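Survey of secondary and tertiary structure
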Amino acid sequence: MEGEEETSAGAMIDEIYSNGGDAKRNRPIISGEALDIEAYASLYSGRTKITRLLFIADRCENRQMQMEAYRMAYDEIKKGENTQLYREVVQKIDERLGPQYGLDVPWTEAVDRKAEQRKEKLENELNAYRTNLIKESIRMGYNDFGDFYYAHGLLADAFKNYVRTRDYCTTSKHIIHMCLNAILVSIEMGQFTHVTSYVSKAEQTPEAVDPVTVAKLRCAAGLAHLEAKKYKLAARKFLETGAELGNNYTEVIAPQDVATYGGLCALASFDRTELKQNKVIDNLNFRNFLELVPEVRELIHDFYSSHYASCLDYLGNLKANLLLDIHLHDHVETLYDQIRHKALIQYTHPFVSVDLRMMANAFKTSVAGLEKELEALITDNQIQARIDSHNKILYARHADQRNATFQRVLQTGNEFDRDVRAMLLRANLLKHEYNHKASRKL
Amino acid sequence: MDNVEAVVTQIQGLSGGSSDVSVLHSFLKQADDLLHTESTRLAPFLDQLDPSIHSLGYLYLLEACTSTPILKEQANQLVVSIASFINNCAAEQIRLAPDKFVILCKRLRDQVILLEAPMRGVAPMLTAVHKLQSSSELLTALHPEFLLLCLLAKCYKTGLRILEDDIFEVDLPRDFFLYCYYGGMICIGQKRFCKALELLHNVVTAPMSTVNAIAVEAYKKYVLVSLIHNGQFSATFPKYTSSVAQRNLKNFSQPYLDLANSYSSGKISEVEKSIQTNREKFEADKNLGLVKQVVSSMYKRNIQRLTQTYLTLSLQDIASTVQLNGPKEAEMHVLQMIQDGEIFATINQKDGMVSFQEDPEQYKTCEMIEHVDSSIQRIMALSKKVTAMDELLSCDPLYLAKAGRERQRFDFDDYDTVPQKFNI
């Protein structure tokens, strides 16, 4: 069973990225095994590739993987013009990769000089356009400035310049172009509130937007919701992303990521009907994405068919690699906890009584640990049940509405009685005080 | 001498019908100073009068007689005489001179405390309270005195009987504060924490123009009783609390608020720590006993929470969850709670297990129906009272004057609900 999955997945992945290079990768990329850095990095392009590689290198404990990540980051940076980042990476590498990965001073100087020249040229051009008051040229001027700053890693300036083009946008296309740029820079800077606002701005343009852009905007919105810990909204956005996304947004997100983020968020926050009918399992569109990460697909299916042990197994395997993802890493724990709790609740839901020993087996945990987890869920009122600690059985318990109503009625009556009496007393005191004052005045 | 004799004859003559009594009353008011000057020689004249018939006159004479400083030897005799007077006097007559009566009873209280036998004063004071109040809804100046004697004599049950009456009218705010404060203490002594909370709440939220010491002390006890009874304390005051109280009460009770904060953490160790740091302050306020009750209430609350989650639980697990010292102690606590009716459970000593059960109350018995019915009647009566009070107030000239004053002066087109006459 496993072999079949891998080869079919492997073949599809080979199709997706053509720079498979020398070795044929027939293992899926985000999998339970150690992360294949080259394959992972090849999913992305631009600045995010570098950022992700650096993040992996910082977090990874495996020396070999770390070095490989730094090496690839170095190569990638050298292709660009970001000398600041270059210096940082060289410092982190710290001569450990050999002489050709040291600080290449002539290169940095050349790049810096070129940058100065280019900046001057752009400034002159922009001033000329501004005096001429040609809207389109001014817009292009600011845009070029934005691109320039972005390439050199000055993200705040890039953002400012992109936003300045807003006043000179004439068609919807311009507006969308500006929004996409702003979104890109905001994601890099980690300011996801801007992302949300620019996504909504782009979606409000009167003309129809082409499907690729729609897919891009949905991804961006999903990322913003993920960072804001609104997992349900994030899942919805990711699930609505069209398959047209393909490889068109590799400067931000890869289709595998859409599948992983969407799948995990959906599992953590959707209820059962949503999971099946509306959104995930029967969602043909999303199925294309899920094929890219068969482990996530398998774990969703296992959860739905109540094979909790294998579902939690897959989750455990994926954890190490997910912790290396820049967007997901600080949400992994929360999402995992939520999925685990949902599994526990779903397990106990159909039964009147549950043997805790069998349940502990199903979840591959000890009875004592399971008891503690169930206690927390019961106290939170997520499971209506009581634990018989002597025989280790969980009994479902439904509140007696009639008794509860009587209790509430009597309590309300008492409170009313008490409050009205107190109020009459206070009114009396006030009247007395007032009379006292009035009589003194008179 | 003659004048006093003249007074006595007047008393004897005019103590018949109610019109005579009112004449006598005005006469006595004029003769009051005379009586006070002759106070040392009044004792033999008292024997000529019968307290039950000549109550008003007897009262004046007795009050004048006791106005001089009393020697220790005479105190006993004095207590006896005042007590017998109170028992025998006629209520209608003394209600004509309530101030004198109150002064007399306060002297009784002083003497009884001086003699260090507050118990002797309890019964007479109770009779005095009943005779003085024209209706059970009226708070007199004697109520707090009575409660104070009950507290000192430690006979709380008698005090409770008075507290059962609902009070709706108050003469002096100070009486009210003292009444509620002492009443709260008596209820705490009887472990009726619900009623104590209500009384202390009334003190804390009563309208006041300046902070008084009674409110401060009451607030401290209020925090502690709230923790014991409700398991939580909210530091926000209700809207109707006076602004003076809202601003100042917290400043005096910081140690108690700290204790409330550590209680909300749910850990015994934190509460113990908080108590240790503020121990002297609690002792100085004489609240240490109450603080210890707060700690034991915490154990109770933790055990109660377990009943929501478990059907059966071993004593060992209870001890470890609630942070007790061992299964034996857990057993003791659970046993005590079962006896007090705070939880429903059975202890199986052989297995060391406790089984928790549901509240067996089914709300199907006749007693329950009667209880609900009487509550309904009571609340209907209360609503009627509120409506009546509202109507009364809207006819009150002082209130109308104030409302008239604050009305806009220039809205001639609007319908005037307050007549112009009250535009003072």
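Residues numbered from 1 in each chain as written. Chains lettered and ligands numbered in written order. Predicted model: local features only at pLDDT ≥ 70, side-chain atom pairs only at ≥ 80, totals over all residues. Heavy atoms only, no water.

**Observations concerning the overall build of chain A**
Check the secondary structure of chain A and you find 21 helices and three strands. In chain A, the proportion of contacts linking residues at least 24 apart, taken out of those at least 6 apart, comes to 59%. Carbon and sulfur atoms form 51% of the exposed surface of chain A, whose accessible area is close to 22000 Å². (Helix = DSSP H or I, 4+ residues; strand = E, 2+ residues; numbered from the N terminus. Contact = heavy atoms within 4.5 Å. Areas by Shrake-Rupley, 256 points an atom, 1.4 Å probe, with all protein chains shown as cover.)

**Side note on the overall build of chain B**
Each helix and strand counted, chain B has 22 helices and five strands in total. In chain B, which comprises 424 residues, the share counted as buried stands at 48%. In the form shown here, chain B has an accessible surface area of approximately 22000 Å², with 54% of it arising from carbon and sulfur atoms. (Buried < 20%, exposed > 50% of the residue type's maximum accessible area, 1.4 Å probe, protein only.)

**Topic: the state of the cysteines**
All names here are of chain A. Per the stated rule, a full pass over the model turns up zero disulfides over all chains. The thiol sulfur of cysteine 169 is not disulfide-bonded, and the nearest other cysteine sulfur, from cysteine 179, lies at 8.0 Å. On the basis of relative accessible area, cysteine 179 is assigned to the buried category, the value being 0%. (Disulfide = S-S within 2.5 Å.)

**Focus: the sheet that holds strand E4 (residues 345–348) of chain B**
Pairing within the open sheet is mixed, and its six strands lie in the order E1(A)-E3(A)-E2(A)-E3(B)-E5(B)-E4(B). Because the sheet does not close on itself, it has two edges, and the strands there are strand E1 (353–355) of chain A together with E4 of chain B. Between one strand and the next, the sheet's axes are offset by a mean angle of 20°, whatever the strand orientation. By the bridge criterion, two bridges tie strand E2 (residues 385–388) of chain A to strand E3 (residues 310–314) of chain B in an arrangement that is parallel. What sits directly across from isoleucine 387 of chain A, in E3 of chain B, is tyrosine 310 of chain B. Here helix H20 (residues 367–379) of chain A sits on the sheet and contacts E2 and strand E3 (393–396) of chain A together with E3 of chain B; the angle it forms with E2 of chain A, its principal contact strand, is near 150°. (Pairing = 2+ DSSP bridges. Axes fitted to C-alpha atoms, helices over the stretch in contact; angles between N-to-C directions.)

**Comments concerning the interface of chain A and chain B**
Each partner contributes residues to the interface: chain A has 38 residues there, and chain B has 47 residues. Remark: the boundary between chain A and chain B carries three salt bridges. Where chain A touches chain B, the interface holds 16 residue pairs in polar contact (both at pLDDT 80 or more). Sorting the residues of the side of chain A that touches chain B by element identifies H20, E2 and helix H21 (401–441) of chain A as the ones contributing at least two each. (Salt bridge = Lys/Arg side-chain N within 4 Å of Asp/Glu carboxyl O. Polar contact = N/O pair within 3.5 Å; in protein donor to acceptor, adjacent residues only side chain to side chain.)

**Considering the packing of helix H15 (residues 284–292) of chain A against helix H16 (residues 294–304) of chain A**
Helix-helix packing is characterised by the crossing angle of the two axes and by the distance between the axes. Residue and element names in this part refer to chain A. The contact between H15 and H16 brings their axes to 5 Å, and the two run at 120°. On H16, the residues touching Leu290, Glu291 and Leu292 of H15 are Pro294, Val296, Arg297 and Ile300. Residue classes in the contact of H15 with H16 are distributed as five nonpolar, no polar and two charged. (Nonpolar A, V, L, I, M, F, W, Y, C, P; charged D, E, K, R; others polar.)

**Things to note about helix H7 (residues 135–151) of chain A**
For the α-helix, the turn length of 3.6 residues means that residues three or four positions removed from each other point alike. Residue and element names in this part refer to chain A. Its 17 residues place the ends of H7 24 Å apart at the C-alpha level, agreeing with the 24 Å of an ideal helix rising 1.5 Å per residue. As for H7, its buried residues are in contact with helix H3 (47–59), helix H6 (105–132), helix H8 (155–164) and helix H9 (172–189). The positive-phi residue at the C-terminal boundary of H7 is glycine 153, with phi of around 85°. (Expected span 1.5 Å × (residues − 1).)

**Focus: the pairing of strand E5 (residues 353–356) of chain B**
Residue and element names in this part refer to chain B. The pairing of E3 with E5 spans three bridges and is antiparallel. Bridged to leucine 313 within E5 is valine 354. The pairing of E4 with E5 spans four bridges and is antiparallel. Within E5, the position partnered with threonine 346 by the bridge is serine 355. Hairpin remark: E4 followed by E5, antiparallel, with four residues in the connecting loop; positive phi at glycine 352, about 70°.

**Quick look at the side chain of threonine 83 of chain A**
Residues and elements named next belong to chain A. Tracing the chain through its elements places threonine 83 in helix H5 (residues 83–93). Here threonine 83 falls in the buried class, since its relative accessible area comes to 9%. Every residue in contact with threonine 83, bar those within four places of it in the chain, is listed here: Thr108, Val111 and Asp112.

**Examining the packing of helix H4 (residues 55–65) of chain B against helix H7 (residues 98–114) of chain B**
Residues and elements named next belong to chain B. As a packed pair, H4 and H7 sit with axes 10 Å apart at the nearest point and diverge in direction by 45°. Taken together, H4 and H7 sit at an angle that is classed as oblique. Every pair of crossing elements has a handedness; the one defined by H4 and H7 is left-handed. Contacts between H4 and H7 involve Leu59, Tyr60, Leu62 and Glu63 on the former and, on the latter, Lys100, Phe101, Ile103, Leu104 and Arg107. (Parallel < 35°, antiparallel > 145°, perpendicular 65-115°, else oblique. Left-handed = near helix turned anticlockwise from the far one by under 90°.)

**Describing unusual backbone geometry**
Even without being glycine, lysine 229 of chain A reaches a positive phi, approximately 65°. In this structure, tyrosine 363 of chain B is a non-glycine residue whose phi angle is positive, near 60°. Among the secondary structure elements, tyrosine 363 of chain B is positioned in the loop between E5 and helix H21 (366–394).

**Quick notes on the nonpolar core**
Grouped together as the largest cluster of nonpolar side chains are 217 residues, with contacts concentrated most on Phe85, Phe101 and Ile318 of chain B. Here this core gets 11 residues from one element, more than from any other, and that element is helix H13 (residues 213–230) of chain B. Ranked by size, the runner-up nonpolar core spans 30 residues in total, among them Leu54, Met67, Tyr86 and Val90 of chain A. (Core = buried A, V, L, I, M, F, W, Y, C linked by side-chain atoms within 4.5 Å.)

**What about the pattern of salt bridges?**
All names here are of chain A. With the rule as written, the count across this model stands at 33 salt bridges over all chains. Ionic pairing is found between aspartate 257 and arginine 52, a salt bridge with its closest N-O pair at 3.5 Å. You can see aspartate 257 sitting in helix H13 (residues 255–269) and its partner arginine 52 sitting in helix H3, a full 205 residues away along the chain. Both residues of the pair, aspartate 257 and arginine 52, count as buried.

**Describing the environment of serine 243 of chain B**
Residue and element names in this part refer to chain B. Within the element layout of this structure, serine 243 appears in helix H14 (residues 243–252). Judged by relative accessible area, which is 44%, serine 243 ranks as partly exposed. Sequence separation between serine 243 and threonine 210 is 33 residues; the distance between their C-alpha atoms is 9.5 Å.

**A few points about the confidence of the model for chain B**
Confidence along chain B averages 82 in pLDDT terms, with 94% of residues attaining 70 or more. The ipTM for the predicted assembly is 0.82, set against a pTM of 0.69. (pLDDT = per-residue confidence, 0-100.)

**Considerations on the environment of methionine 119 of chain B**
Residues and elements named next belong to chain B. By secondary structure assignment, the location of methionine 119 is in helix H8 (residues 119–132). The class of methionine 119 is exposed, set by a relative accessible area of 52%. A C-alpha to C-alpha distance of 8.0 Å links methionine 119 and cysteine 155, two positions 36 residues apart in sequence. Other than its neighbours up to four places away in sequence, methionine 119 contacts Ala153 and Cys155.

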